[in-house]
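For reference, the chains in residue letters:
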Amino acid sequence: MSAAAASLAPTGGQKDRVAWLAVPAVGYLAIVYALPLVFLLARSVTGPEGFTLSLFVQFFSDPYSWRVIWNTLRIGLLTTLVCLVIGFPVAIAMARAKGLMQVALLVAIILPLSIGVVVKAFAWQIVLRRDGVVSQFLVGTGIWSEPQRLLFTETGLVLGAANVFLPFMILPIYSVVKLIDPRLSEAGATLGASPLYRFRRIFLPLTLPGLVSGIAFVFSMSVSMFVIPSLLIGDRFQMLATLTGRSFLLMRNEALGSTTAVVLLVLAVSIVVASSWLAKRLGGTQ
Amino acid sequence: MTETASPAFLDVRKAAKAFGATTVLDGVDLAVARGEFVSLLGPSGCGKTTLLRIVAGLLSSDSGAVVLDGVDISAKPPHHRDVGVVFQSYALFPHLTVAENVAFGLEARGAPKDEIRATVTRFLDLIHMSALADRSVRALSGGQQQRVAVARALAVKPKLMLLDEPFSALDRKLRETMQIELKRLLREVGTTAIFVTHDQDEALMMSDRIAVMNRGRIEQLADPATIYKRPATPFALEFVGLSTRLTGTVVEASGEGEVLIDTTHGRIRAPGRFVAGSPVLAAVRPELMAFGETAGENTIRATLSDVVFQGSRIQAHFEAPEDRPIQIESVAGIPGGAVPGAEMALSWRVADTLLYPAPAP
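Residues numbered from 1 in each chain as written. Chains lettered and ligands numbered in written order. Predicted model: local features only at pLDDT ≥ 70, side-chain atom pairs only at ≥ 80, totals over all residues. Heavy atoms only, no water.

Some remarks on the packing of aromatic side chains
For any pair of aromatic rings, the description rests on two quantities: the centre-to-centre distance and the angle between the ring planes.
All names here are of chain B.
Link 1 in the chain: Counted under the stated rule, the structure contains 11 aromatic pairs over all chains.
Link 2 in the chain: When the ring of Phe93 is compared with that of Phe104, the centres are 4.4 Å apart and the planes differ by 45°; the resulting orientation is tilted. Placement of the pair is Phe93 in the loop between strand 6 (83-86) and helix 2 (98-108) and Phe104 in helix 2, with a sequence separation of 11 residues.
Link 3 in the chain: Take Phe93: its relative accessible area is 0%, and that puts it in the buried class.
Link 4 in the chain: For the pair Phe167 and Phe195, a centre-to-centre distance of 5.8 Å together with 45° between the ring planes defines the contact as tilted. (Phe/Tyr/Trp six-rings, centres within 6.5 Å; stacked < 30°, edge-to-face > 60°. Helix = DSSP H or I, 4+ residues; strand = E, 2+ residues; numbered from the N terminus. Buried < 20%, exposed > 50% of the residue type's maximum accessible area, 1.4 Å probe, protein only.)

Details of the packing of helix 4 (residues 142-154) of chain B against helix 5 (residues 172-189) of chain B
Residues and elements named next belong to chain B.
Link 1 in the chain: Orientation of helix 4 relative to helix 5, taken along the N-to-C sense of each, is 15°, at an axis distance of 11 Å. As summarised for this structure, helix 4 and helix 5 are arranged roughly parallel, according to the angle between their axes. Classified by chirality, the crossing of helix 5 by helix 4 is right-handed. Here Gly143, Gln146, Arg147, Val150 and Leu154 of helix 4 come into contact with helix 5, specifically with Leu174, Met178, Glu181, Leu182, Leu185, Leu186 and Val189.
Link 2 in the chain: Of the residues that constitute the contact of helix 4 with helix 5, the class distribution is eight nonpolar, two polar and two charged. (Axes fitted to C-alpha atoms, helices over the stretch in contact; angles between N-to-C directions. Parallel < 35°, antiparallel > 145°, perpendicular 65-115°, else oblique. Left-handed = near helix turned anticlockwise from the far one by under 90°. Contact = heavy atoms within 4.5 Å. Nonpolar A, V, L, I, M, F, W, Y, C, P; charged D, E, K, R; others polar.)

Some points on the domain arrangement of chain B
Residues and elements named next belong to chain B.
Link 1 in the chain: Domain annotation for chain B reports domain 1 (10-238) and domain 2 (242-357).
Link 2 in the chain: Each partner contributes residues to the interface: domain 1 has 10 residues there, and domain 2 has 12 residues.
Link 3 in the chain: Counting the surface lost from both domain 1 and domain 2, the interface buries some 880 Å², and carbon and sulfur atoms represent 51% of this.
Link 4 in the chain: Contact with domain 2 buries area across many residues of domain 1, yet Tyr228, Arg230 and Leu237 alone supply 63% of it, more than any other trio.
Link 5 in the chain: At the junction of domain 1 with domain 2, the criterion picks out one salt bridge.
Link 6 in the chain: Note that Glu238 and Arg245 form a salt bridge whose closest N and O atoms lie 3.8 Å from each other.
Link 7 in the chain: Here domain 1 and domain 2 share four residue pairs in polar contact (both at pLDDT 80 or more) between them.
Link 8 in the chain: Contributing elements (two or more residues each) for the side of domain 1 that touches domain 2: helix 7 (224-229) and helix 8 (234-239). (Domains from an automatic or database assignment. Buried area = accessible area lost by both parts, 1.4 Å probe. Salt bridge = Lys/Arg side-chain N within 4 Å of Asp/Glu carboxyl O. Polar contact = N/O pair within 3.5 Å; in protein donor to acceptor, adjacent residues only side chain to side chain.)

Structural notes on the nonpolar core
Link 1 in the chain: Among the nonpolar cores identified, the biggest contains 119 residues, and Leu157 of chain A together with Leu10, Leu51, Met161, Leu162 and Ile194 of chain B are the most heavily contacted of them.
Link 2 in the chain: Broken down by element, the residue count for this core peaks at 12 residues, all from helix 9 (residues 154-177) of chain A.
Link 3 in the chain: Residue contacts for Leu10 of chain B: discarding those within four places in its chain leaves Leu30, Ala31, Val32, Val55, Val66, Val67, Leu68, Leu160 and Ile194 of chain B.
Link 4 in the chain: Counting 25 residues, the second largest nonpolar core, distinct from the first, contains Leu246, Val259, Met289 and Ile334 of chain B. (Core = buried A, V, L, I, M, F, W, Y, C linked by side-chain atoms within 4.5 Å.)

Let's talk about the confidence of the model for chain A
Link 1 in the chain: Per-residue confidence for chain A gives a mean pLDDT of 88, with 93% of residues at or over 70.
Link 2 in the chain: The low-confidence segment residues 1-10 of chain A, where pLDDT is below 50, has four contacts with residues more than four positions distant or belonging to other chains. (pLDDT = per-residue confidence, 0-100.)

Looking at the interface of chain A and chain B
In many analyses, interface size is given as the accessible surface area lost on bringing the parts together.
Link 1 in the chain: Taken together, the contact pairs 22 residues of chain A with 27 residues of chain B.
Link 2 in the chain: With both sides pooled, the region where chain A packs onto chain B buries about 2200 Å², and carbon together with sulfur makes up 65% of that total.
Link 3 in the chain: The partner of Glu107 of chain B in a salt bridge is Arg201 of chain A, with the nearest N and O atoms 3.1 Å apart.
Link 4 in the chain: The tally of links from chain A across to chain B stands at five residue pairs in polar contact (both at pLDDT 80 or more).

Some details on the sheet that holds strand 12 (residues 258-263) of chain B
Residue and element names in this part refer to chain B.
Link 1 in the chain: Pairing is antiparallel across the open sheet formed by five strands, whose spatial order is 13-12-11-14-20. Both edges of this open sheet fall to strand 13 (266-271) and strand 20 (354-357), since each of them pairs with a single strand only. Within the sheet, the average angular offset between the axes of one strand and its neighbour, ignoring direction, is 40°.
Link 2 in the chain: Sheet analysis places strand 11 (residues 244-253) next to strand 12, joined by five bridges and oriented antiparallel. What sits directly across from Glu252, in strand 12, is Leu260. (Pairing = 2+ DSSP bridges.)

Thoughts on the pairing of strand 18 (residues 326-330) of chain B
Regular strands place side chains that alternate from one sheet face to the opposite one.
All names here are of chain B.
Link 1 in the chain: Within strand 18, five of the five residues are buried, leaving the element largely enclosed by the surrounding structure.
Link 2 in the chain: Where burial is concerned, the two faces of strand 18 agree: the one with Ile326, Ile328 and Ser330 and the one with Gln327 and Glu329 are both buried.
Link 3 in the chain: As judged from the five bridges shared by strand 17 (residues 314-318) and strand 18, these two strands associate in the antiparallel manner. Residue Phe318 lies in a different strand from strand 18, and its bridge partner there is Ile326.

Overview of the sheet that holds strand 16 (residues 298-309) of chain B
Residues and elements named next belong to chain B.
Link 1 in the chain: With antiparallel pairing, five strands are arranged side by side in an open sheet as 15-19-16-17-18. Strands with a single pairing partner mark the edges of an open sheet, and in this sheet they are strand 15 (290-291) and strand 18.
Link 2 in the chain: Pairing analysis gives six bridges linking strand 16 to strand 19 (residues 343-348), with the strands arranged antiparallel. Bridge assignment links Asn298 to a residue of strand 19, and that residue is Trp348.

A look at a nonpolar patch on the surface
Residues and elements named next belong to chain A.
Link 1 in the chain: Together, Tyr28, Leu29, Ile31, Val32, Tyr33, Leu265, Val269 and Val273 make up an exposed nonpolar region whose accessible area comes to about 790 Å².
Link 2 in the chain: When contributions to the nonpolar patch are tallied by element, the ones reaching two or more residues are helix 3 (23-44) and helix 14 (254-282).
Link 3 in the chain: Sort the elements by how many residues they give to the nonpolar patch and helix 3 lands first, with five residues.
Link 4 in the chain: Along the chain, Leu29 falls in helix 3.
Link 5 in the chain: Given a relative accessible area of 46%, Leu29 falls into the partly exposed group. (Patch = residues over 30% accessible without salt bridge, like charges linked within 9 Å, V, L, I, M, F, W, Y side chains within 5 Å. Areas by Shrake-Rupley, 256 points an atom, 1.4 Å probe, with all protein chains shown as cover.)

Okay, structure coming up:
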């Protein structure tokens, strides 16, 4: 935290009083979120004779578990990457657009959020079929020699997931880019910096906080998604979240379910923490 | 890149720019000599910042050319122009320290590390901010930010410096200090500079020459004394300094380049060539008017309405039938302790009378 930001913070007494505004939220989260989470954690380290790590030992010694973890990480990273590559330019365009154009873009990004994931996933089922739009397009343009099914493939899953999570990549980047003074790039240009140099030394460092929150949002959501893989790839392909769901709902195996849930939680949290740490390092003096 | 035989260091030729149906710059010519400090002075919307941005390459002109040091730079992007800019908002890089901001341009140009370090040290010294080198620019005051912005632009030794109202965010006292300091800094570095401002005092005080701009045109380009003493147009007269203005009609033109004018305050004479019957605007600067009659010169009578004490001098305002002020500035004070309501004679030299065709209403 810089000196300027620190000096802007309200003085002790006032800050303490304002903090009471968070009490309802904290109370609510404690009851419906933290408490069940503690039960879940406790369940994963409890055996017939009390505390034990045997569930984890058992889980990690099974090669199938490693395949599920790898599936989760791979799909999460690919989805995040697709969202980043598509979302970053869109966020910049949106932040720099003016008037009606900006409103139109914002609506186009936010409106799809009001459509349920299940509806979207079913729509993707139609698009990704062997005789779906994507297949027809790729055959028509000669990229594919014959129609193929994308549904129930990893490509289809990543495409669908990226579609659902894209706004969560765009919006944090957009809100940061919007605050960057366009004069900064002009100042860089008049100092002799090429467009690429300006992007690297001015734009990117200033956008980093938005990039990190976008990545953290999309990654944590895509490693823990349940409905989308269930509908777009099916039971053959398991991720940590779907396995957790199956353990609880189908197999009635609370021990396995709570173990996979904890593994997923640790995975997601550590990636988010690592990315914000990395951002601080890269951000230099920020 | 065409070599052009131009004596001017910066030569802006017929620069024109329109935004939609609005003409912002109406074919402006501007020639600036090497080492000169030229101000673009005018009200907001007169096109001065647009002209500046065109010279910097941040905006493309619809037509016309910009020639710098004999090279046509019209088609060059800003990072190949060697034209430094100090922005009104300073536009310092918020994620960098003071020293990193000053070093930015040199690093972008791939200057050797030793040279960068030496230049940054020198410029931080010049702006008296060596002690704050590693401070974040966000922690600086307005005046300090302004100095860093100037140092950052000067550090790459640009051929030309453009300053876009760099003092407008500073309070009056600090502004005066910074004006003197900027002049000193530019002189020490030996840079040619164009300075955009709407503040006439600032322009008069700092410039070698002033370009008075109005509605996308340069109305007058001259040294500050000429701008003040001999404004070329009614706009330049009104925009720079105070004046008493009288509208009237020429009744008689003499052979010696002098005309006799009927005004609402009586007959006056003024140097100029107009045919009888022309509507004209006559004007005189307040400090050139005196109380009392002067034989052989212009004299009018007016009713005193207000006296304003201004320390070293007083300003006397008179009732005017037209909506134009009559005012005198005098270091001597009001003669005979006249009070508001008193009718007084005011006089000034015929030679000091400025005369223009009456501007269209």
